[in-house]
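Residue strings, one per chain:
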Amino acid sequence: MRLRAMAKINLALDVLGKREDGYHEVRMIMQTIRMYDSLDIRKSDRPGITLLTNLPYVPTDERNLVYKAAKMLMDEFGIREGITIKLEKFIPVSAGMAGGSSDAAAAFVGVNRLFRLGLGEKELMERAVKVGADVPYCILRGTALAEGIGEKLTPLPRVPECYVLVGKPGINVSTRLAYENLDLKEIQRHPDIDGMLEDIGKGDLYGMVSKMENVFEPGIIREYPVIQKIRENMEEHGALRAMMSGSGPAVFGIFDSEKKLETAAAALKESGLARSVFATDLFHRNGGTVDDE
Ligand code: ATP
């Protein structure tokens, strides 16, 4: 079985406060984009979980979210057979694009199918949150409002057709650093998420992009000005708006024409500001949980 684990961007990201258990309350508008890792999942004669990846620096043991997800379901259902998962990564690692979370989501879906466990989407999502706050969303996919720690999800209407350019500079930002650099009392600009919900409801792309805001961005840009430079580069070359995704450092730009997207992709490559540049579009939820390759 071959599954696609899709990346996400945050069209808006707000942090409302810190809970007693240490998790943060967030309010975010999530969007899946057509950038994905590929998981090949099959039964194997070798007992346990064998995970292989194309990137030497990604762990293949319990630290990998794919491993965690598969183990959680297999333990719960007392599965003694072995599985082999080949994970091919294309989503930049530690970029703010939920690569690991999405891989875990695909592992939940894959193990459920492979062993015919019969779990529905909601039941998978309830388990998924134990692996990571963004994993339930990565099972749902499409456009959604995420609240709570990111696990309370409301599916939203499709965002109007647009194009997305992703540029990732050659730096790593941990989610922990993003939270450390965020002083909740000092947040100057909170995104107008309710306004963005209205724009999405009306299919107003221009209204929607005008409200793009990420509370992590100022603190991370202060430390890594290259993020600001990538934003400016995209906006100078036709992006309606560009912004950092999640806790960064990946930056995405939204375009209303494919031609502008291509021009901006070439300009960003030329600038040397980003280590990886990827031009794509949105991925919409088609009713099903996951589509095979
Ligand atoms: P998020 O947007 O959810 O904050 P991210 O893009 O910042 O995610 P990931 O690429 O999901 O970050 O993962 C970053 C860390 O998690 C890395 O340090 C990596 O070692 C570990 N990790 C665990 N499982 C995976 C996986 N399947 N793919 C990539 N990294 C993984």
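Bear in mind the structure is a predicted one, so any value in this text is a computation, not a measurement.

## Things to note about the overall build of the chain
Okay, step 1: The helix and strand inventory of the chain stands at 10 helices and 11 strands.
Okay, step 2: Relative to the compact-globule value of 19 Å for 293 residues, the chain shows a C-alpha radius of gyration of 19 Å, a close match.
Okay, step 3: C-alpha atoms of the chain, sized along the principal axes, occupy 55 × 40 × 35 Å.
Okay, step 4: Looking at the chain as a whole, 55% of its 293 residues qualify as buried.

## As for the site of the ligand
Okay, step 1: By nearness alone, 19 residues border the ligand, and N64, S94, G96, A98 and G100 come closest of all.
Okay, step 2: Within the contact set of the ligand, a nitrogen atom lies 3.0 Å away from a side-chain nitrogen or oxygen of K89.
Okay, step 3: Interatomic distance of 3.0 Å between a side-chain N/O atom of D103 and a nitrogen atom of the ligand.
Okay, step 4: For the ligand, the protein covers 78% of the area, taking 620 Å² as the surface of the free molecule.
Okay, step 5: Residue contributions to the shell around the ligand peak at four residues, all from helix α2 (residues 99-114).
Okay, step 6: The class makeup of the residues in the shell around the ligand is seven nonpolar, seven polar and five charged.

## Comments concerning helix α1 (residues 65-76)
Okay, step 1: Look at α1: 17 Å from first C-alpha to last across 12 residues, which is about the 16 Å you get at 1.5 Å a residue.
Okay, step 2: When we look at burial in α1, the residues that qualify are V66, Y67, A69, A70, L73 and M74. Relative to the axis of α1, the buried residues are bounded by an arc of 165° and lie together on one face.
Okay, step 3: On the buried face of α1, the contacting elements are β2 (24-44), β3 (49-53), β4 (82-88), α2 and α3 (121-128).
Okay, step 4: For α1, the side-chain oxygen to backbone nitrogen distance between the N-cap and V66 is 2.9 Å, and the N-cap itself is N64.

## Things to note about the packing of aromatic side chains
Okay, step 1: One pass over the structure, following the stated rule, counts one aromatic pair.
Okay, step 2: Here the aromatic rings of Y179 and F216 are separated by 4.9 Å at their centres, their planes lie at 90°, and the arrangement is edge-to-face. With Y179 in helix α5 (residues 175-180) and F216 in the loop between β8 (213-214) and α8 (217-223), this residue pair connects regions lying 37 residues apart in the sequence.

## Observations regarding the nonpolar core
Okay, step 1: The biggest cluster of nonpolar side chains holds 71 residues, and the ones touching the most others in it are L39, I83, F108 and L165.
Okay, step 2: If we ignore the near neighbours within four places in the chain, the residues touching F108 are A69, M72, L73, L124, R127, A128, V131, V135 and I139.

## Some words on the side chain of D40
Okay, step 1: Considering the arrangement of structural elements, one finds D40 in strand β2.
Okay, step 2: Judged by its relative accessible area of 9%, D40 is buried.
Okay, step 3: Excluding residues that lie within four positions of it along the chain, D40 makes contacts with M1, R2, T84, I85 and K86.

## Looking at the confidence of the model for the chain
If pLDDT is low for a region, its predicted coordinates should not be looked at in detail.
Okay, step 1: This prediction gives the chain a mean pLDDT of 95; 98% of its residues lie at or above 70.
Okay, step 2: Per-residue pLDDT stays below 50 along residues 288-293; that stretch engages in 21 contacts with residues further than four places along the chain or on separate chains.

Cut-offs applied
- Residues numbered from 1 in each chain as written.
- Predicted model: local features only at pLDDT ≥ 70, side-chain atom pairs only at ≥ 80, totals over all residues.
- Heavy atoms only, no water.
- Helix = DSSP H or I, 4+ residues; strand = E, 2+ residues; numbered from the N terminus.
- Rg over C-alpha atoms; globule rule 2.2 N^0.38 Å.
- Buried < 20%, exposed > 50% of the residue type's maximum accessible area, 1.4 Å probe, protein only.
- Near = heavy atom within 4 Å.
- Polar contact = N/O pair within 3.5 Å; in protein donor to acceptor, adjacent residues only side chain to side chain.
- Areas by Shrake-Rupley, 256 points an atom, 1.4 Å probe, with all protein chains shown as cover.
- Nonpolar A, V, L, I, M, F, W, Y, C, P; charged D, E, K, R; others polar.
- Expected span 1.5 Å × (residues − 1).
- Arc of directions from axis to C-beta.
- Contact = heavy atoms within 4.5 Å.
- Phe/Tyr/Trp six-rings, centres within 6.5 Å; stacked < 30°, edge-to-face > 60°.
- Core = buried A, V, L, I, M, F, W, Y, C linked by side-chain atoms within 4.5 Å.
- pLDDT = per-residue confidence, 0-100.

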